[in-house]
Amino acid sequence: MKKAVTFGEIMLRLVPEGYYRFIQAETFGATYGGGEANVAVSLANYGIDTSFVTKLPKHEIGQAAVNALRRFGVDTKSITRGGDRVGIYFLEKGASQRPSKVVYDRAGSAIATASKDDFNWDEIFKNVDWFHFTGITPALGDNVAEICMEACKAAKDRNITISCDLNYRNKLWSKEKAGQVMGELCEYVDVCIANEEDASDVFGIKAANTDITAGKVDHEGYKDVAKQLADRFGFSKVAITLRGSISASDNNWAAMMFDGKEYYFSKSYKMHIVDRVGGGDSFGAGLIYSTLMDFAPQDIIEFATAASCLKHTIEGDFNQVSVDEVKKLAGGDASGRVQR
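Anyway, here's the lowdown on the structure attached to this text.

Reading the values: the criteria
Residues numbered from 1 in each chain as written. Predicted model: local features only at pLDDT ≥ 70, side-chain atom pairs only at ≥ 80, totals over all residues. Heavy atoms only, no water. Helix = DSSP H or I, 4+ residues; strand = E, 2+ residues; numbered from the N terminus. Areas by Shrake-Rupley, 256 points an atom, 1.4 Å probe, with all protein chains shown as cover. Lys, Arg positive; Asp, Glu negative; His and termini not counted. Charge placed at Lys NZ, Arg CZ, Asp CG, Glu CD. Buried < 20%, exposed > 50% of the residue type's maximum accessible area, 1.4 Å probe, protein only. Pairing = 2+ DSSP bridges. Polar contact = N/O pair within 3.5 Å; in protein donor to acceptor, adjacent residues only side chain to side chain. Salt bridge = Lys/Arg side-chain N within 4 Å of Asp/Glu carboxyl O.

## Some details on the overall build of the protein
Thought 1: Tallying secondary structure elements over the protein gives 10 helices and 15 strands in all.
Thought 2: Seen through its principal axes, the protein has C-alpha atoms that stretch 50 × 45 × 45 Å.
Thought 3: Carbon and sulfur atoms make up 46% of the accessible area of the protein, which amounts to about 14,600 Å² in all.
Thought 4: Here the protein carries 40 positive and 46 negative side-chain charges, and the mean point of each set is 3 Å from the other.

## Some words on the pairing of strand 12 (residues 237-245)
Along any regular strand, the residues point their side chains to alternate faces of the sheet.
Thought 1: Here strand 12 lies mainly inside the structure; eight of its nine residues are buried.
Thought 2: Both strand 11 (residues 191-194) and strand 12 contribute to a ladder of four bridges, which runs parallel. Bridge assignment links I193 to a residue of strand 12, and that residue is A239.
Thought 3: Where strand 12 and strand 13 (residues 250-258) come together, eight bridges link them in antiparallel fashion. Pairing of S245 across the sheet is with N251, part of strand 13.
Thought 4: Between strand 12 and strand 13, which pair antiparallel and follow one another directly, the connecting turn spans four residues.

## So, the pairing of strand 2 (residues 11-16)
Thought 1: The element strand 2 is extensively covered by neighbouring structure, given that six of its six residues are classed as buried.
Thought 2: Residues M11, R13 and V15 line one face of strand 2 and the alternating positions L12, L14 and P16 line the opposite face, and both faces are buried.
Thought 3: Of the pairings in the sheet, the one linking strand 2 to strand 3 (residues 28-33) comprises six bridges and is antiparallel in character. Bridging across to strand 3, V15 finds its partner in G29.
Thought 4: In this sheet, strand 7 (residues 88-92) lies alongside strand 2 in parallel orientation, the contact comprising three bridges.

## Concerning the side chain of T54
Thought 1: Along the chain, T54 turns up in the loop between strand 4 (49-53) and strand 5 (55-56).
Thought 2: Within the local environment of T54, its side chain forms a polar contact with the backbone oxygen of G8, the two atoms lying 2.6 Å apart.

## Structural notes on the pattern of salt bridges
Thought 1: By the definition in use, this model includes 18 salt bridges.
Thought 2: Between K77 and D75 there is a salt bridge; the shortest N-O distance is 2.7 Å.
Thought 3: The class of K77 is exposed, set by a relative accessible area of 70%.
Thought 4: Across the salt bridge formed by K267 and E302, the nearest N and O atoms sit 3.4 Å from each other. One end of the pair, K267, is in the loop between strand 14 (263-265) and strand 15 (269-272); the other, E302, is in helix 9 (residues 297-311), with 35 residues separating them in the sequence.
Thought 5: By sharing partners, the salt bridges in this structure join R13, D275 and D317 into a single network.

## A closer look at unusual backbone geometry
Both trends apply: most residues other than glycine have a negative phi, and most peptide bonds are in trans.
Thought 1: Unusually for a residue other than glycine, N127 sits at a positive phi of about 60°.
Thought 2: Relative to the assigned elements, N127 resides in the loop between helix 3 (121-124) and strand 9 (130-134).
Thought 3: Given the relative accessible area of 72%, N127 is considered exposed.
Thought 4: Backbone geometry places D294, a non-glycine residue, at a positive phi of 60°.

Spelled out as structure tokens, the structure:
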């Protein structure tokens, strides 16, 4: 069995009922999620032996976060316990022309106060095939960026494939700081994952003939983006999701992958969105799984895109789908007809 490790923050997610705005809400639904935790759950659901690494408090809220991962078969043995709080994020789900909004309450969370001594990468990386992190994690502080660097060096020494989702968050750090830190980390990365804006935000690499705000995404323009990223950092694969935002409720969804030689584009989906948070993470997990399973390049990008398309129909951060469900959609069955 293939083995993967992801490293990052898992947070408590609080969401008003239905499509209520924050100022209308009297109750909040509580679940857990976070970039690398979402990837870990997807991979575990696909049958990959997956371990999630983080730091969480010893109290009951920290334990609830651990339990949320264990429910899906994620290995939590490498989670360090300590610190005072679990990070929180509030999500107001958008609809039609009103966008979704996220408010973070994560300052001083356990992982943000972690030190390099909290993690034994020699033990964590035993018999591991793949290591994944995102650009969210080093944005939590210089100390966490140093932990990411130590993990990348340890993984590289063991010939473990390293993937990174650039995942730029402007509420966490500036574009200048992101470019500097991620530029250093990406020297160790084999597989780069990004959305249609990340390369521009983090590295200033822009796609031609594209206007994100207007929902105009020129797929051909991303060939040059992918090649520039691969040439700069030596990535073996660059995968970019291509979201055409019609509204908060309806998006066009596709992706592309460059393997250093050829460009592969997925089919496009017209999605009606139930919950878009975690959409990029589900794409990354699909890409990791299909690569670990030695899918052909076109099948890799089709599987990853279909997995993410399905995630947009599922409440919560976690993509709770099976390999067979993803393969069915990737194979062309997008009818949504009742299965009996």
